[in-house]
Amino acid sequence: LLIEHGLRAALGRGEFSLHHQPQYELRTGARVGFEALLRWQPPGAPPVSPATFIAAAEDSGLIVPVGAWVLDAACGVLAAWRREGRDFGRLAVNVSPVQFAQEGFVAAVQSALARHHLDPGSLELELTERVVVRDLGAAARQFGALRDLGVRLALDDFGAGAANLNLLLRLPFDTLKLDRALVAALTTSDSAARVVGAVRALAHELRLEVVAEGVETPAQLAAARAAGCDRVQGYLAARPTPRPQDTPTRLSAP
Ligand code: G
Ligand code: G
Ligand code: MN
Ligand code: NA
């Protein structure tokens, strides 16, 4: 309840901000885009992690206005990058299943893109398998509409939950993000490495790009490369930062 009250006030007072964490293409080492990560800074208190407040926001329904703020802020960031002539690539935004299930979600995405005059292909929406818990058919229709808009769709946290293959076959994702627990297992378990190699092959068969998330060590980076991943994201390369220009433009060797 305290969090709920705080979130409501935070929306009005401008206490939210976005941090940005870069993604790097393994083939070239180039920085190819960012993930936007929400931060909440209540006045006179330590920053609150979304890991703490997203669940409360989902339970109270406040995730809908919070998610709308994130979507508009992310589109504003993309528009500012373009105005400044900066080539920061795509921006990925996390979308809560509660937000996704709203009647007006697709329209909200469309109007945020239009308001900021954006190329829809510059925006990627990250969704977890929780988007389909209720109705895969309904999710598939919603995905079709988003696909028609031209935004990119990523399956986030793959391997952290049930990792339903049916989702990959039925929904038109562009990107598969391997959960950081799976990435960590790459260097400690031969079977995890083989599973990731097989998932990567399947994803490529379906024309998805594969991102290894939470890459923290050179060994994990090497393993992601060996498994055939397309992109990496993680503390090894760069932490999320308020200003994207503070992150390296290239992935340093190895
Ligand atoms: O950045 P951090 O590791 O603190 O994020 C913790 C969790 O919060 C992650 O699961 C991340 O996906 C989620 N998260 C971060 N930003 C957003 C956001 O803007 N919207 C939603 N729904 N979740 C977010
Ligand atoms: O659920 P999602 O994948 O959106 O969560 C991304 C979260 O992971 C963000 O909160 C981000 O801060 C965090 N993160 C990003 N890189 C790393 C990393 O290398 N290690 C760890 N432990 N967390 C990371
Ligand atoms: Mn994410
Ligand atoms: Na993830």
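Residues numbered from 1 in each chain as written. Chains lettered and ligands numbered in written order. Predicted model: local features only at pLDDT ≥ 70, side-chain atom pairs only at ≥ 80, totals over all residues.

Draft legend 1. Structural view of the overall build of the chain. Along its length, the chain carries 10 helices and 8 strands. Computed over C-alpha atoms, the radius of gyration of the chain comes to 18 Å, within 12% of the 18 Å expected from 2.2 N^0.38 for 254 residues, which places it in the range of a compact globule. C-alpha extents for the chain along the principal axes are approximately 50 × 40 × 35 Å. Relative to its full complement of 254 residues, the chain shows a buried share of 39%. For the chain, the share of sequence-separated contacts (at least 6 apart) that also reach a separation of at least 24 residues comes to 65%. (Helix = DSSP H or I, 4+ residues; strand = E, 2+ residues; numbered from the N terminus. Rg over C-alpha atoms; globule rule 2.2 N^0.38 Å. Buried ≥ 20, exposed ≤ 12 C-beta atoms within 10 Å, placed from the backbone. Contact = placed C-beta atoms within 7 Å.)

Draft legend 2. The nonpolar core, seen in detail. A74, V93, L123, L178 and A224 are the most contacted members of the largest nonpolar core, which totals 69 residues. Considering every element that reaches this core, the biggest residue donor is helix 3 (residues 63-83), with 7 residues. Excluding residues within four positions of it along the chain, L123 makes contact with C75, L78, L91, V93, L113, L118, V151 and R152. (Core = buried A, V, L, I, M, F, W, Y, C linked by C-beta atoms within 7 Å.)

Draft legend 3. Quick look at the pairing of strand 3 (residues 90-94). Within strand 3, 4 of the 5 residues are buried, which leaves the element mostly enclosed by the surrounding structure. Pairing of strand 2 (residues 31-40) with strand 3, which is carried by 4 bridges, proceeds in the parallel orientation. Opposite G33, over in strand 3, you have R90 as the bridge partner. In terms of strand pairing, strand 3 meets strand 4 (residues 123-127) through 4 bridges, oriented parallel. Note that in strand 4 the partner of V93 across the bridge is L125. (Pairing = 2+ DSSP bridges.)

Draft legend 4. The arrangement of the site of ligand 2 in detail. As a structural note, the neighbourhood of ligand 2 is formed by 13 residues, with N94, G214, E216, G234 and Y235 the closest of them. When its residues are assigned to classes, the shell around ligand 2 shows 4 nonpolar, 4 polar and 5 charged. (Near = placed C-beta within 6 Å. Nonpolar A, V, L, I, M, F, W, Y, C, P; charged D, E, K, R; others polar.)

Draft legend 5. Main features of unusual backbone geometry. Unusually for a residue other than glycine, H117 sits at a positive phi of about 55°. With respect to the secondary-structure elements, H117 resides in the loop between helix 5 (105-115) and strand 4. Its 10 C-beta neighbours within 10 Å are what place H117 among the exposed residues. Phi is positive for R207, which is not a glycine, with a value near 65°. You can see R207 is positioned in the loop between helix 9 (190-205) and strand 7 (209-212). Accessibility expressed as a C-beta count within 10 Å gives 9 for R207, which makes it exposed.

Draft legend 6. Fine view of the site of ligand 1. The environment of ligand 1 is made up of L37, L38, S49, P50, A51, I54, G67, V70, N94, S96 and P240. Among the elements of the structure, strand 2, helix 2 (50-60) and helix 3 are those that each provide at least two residues to the shell around ligand 1. Top contributing element to the shell around ligand 1 by residue count: helix 2, with 3 residues. In terms of residue class, the shell around ligand 1 is made up of 7 nonpolar, 4 polar and no charged.

Draft legend 7. Focus on the packing of helix 3 against helix 5. Their axes nearest at 9 Å, the elements helix 3 and helix 5 cross at an angle of 30°. The angle between the axes of helix 3 and helix 5 places the two elements in the roughly parallel class. Relative to helix 5, the crossing made by helix 3 is right-handed. On helix 5, the residues touching A68, L71, D72 and C75 of helix 3 are A108, V109, A112, L113 and R115. Residues that form the contact of helix 3 with helix 5 fall into these classes: 7 nonpolar, no polar and 2 charged. (Axes fitted to C-alpha atoms, helices over the stretch in contact; angles between N-to-C directions. Parallel < 35°, antiparallel > 145°, perpendicular 65-115°, else oblique. Left-handed = near helix turned anticlockwise from the far one by under 90°.)

Draft legend 8. Highlighting the pairing of strand 4. Buried residues dominate strand 4, accounting for 4 of its 5 residues. Two strands pair when backbone bridges link them, and strand 4 and strand 5 (residues 152-158) are joined in this way by 4 bridges, in the parallel orientation. Among the inter-strand pairings, E126 is bridged to a residue of strand 5, identified as A154. Assessed by its sense of winding, the connection that carries the chain from strand 4 through helix 6 (residues 136-149) to strand 5 is right-handed. (Right-handed = clockwise from strand over helix to strand, strands pointing away.)

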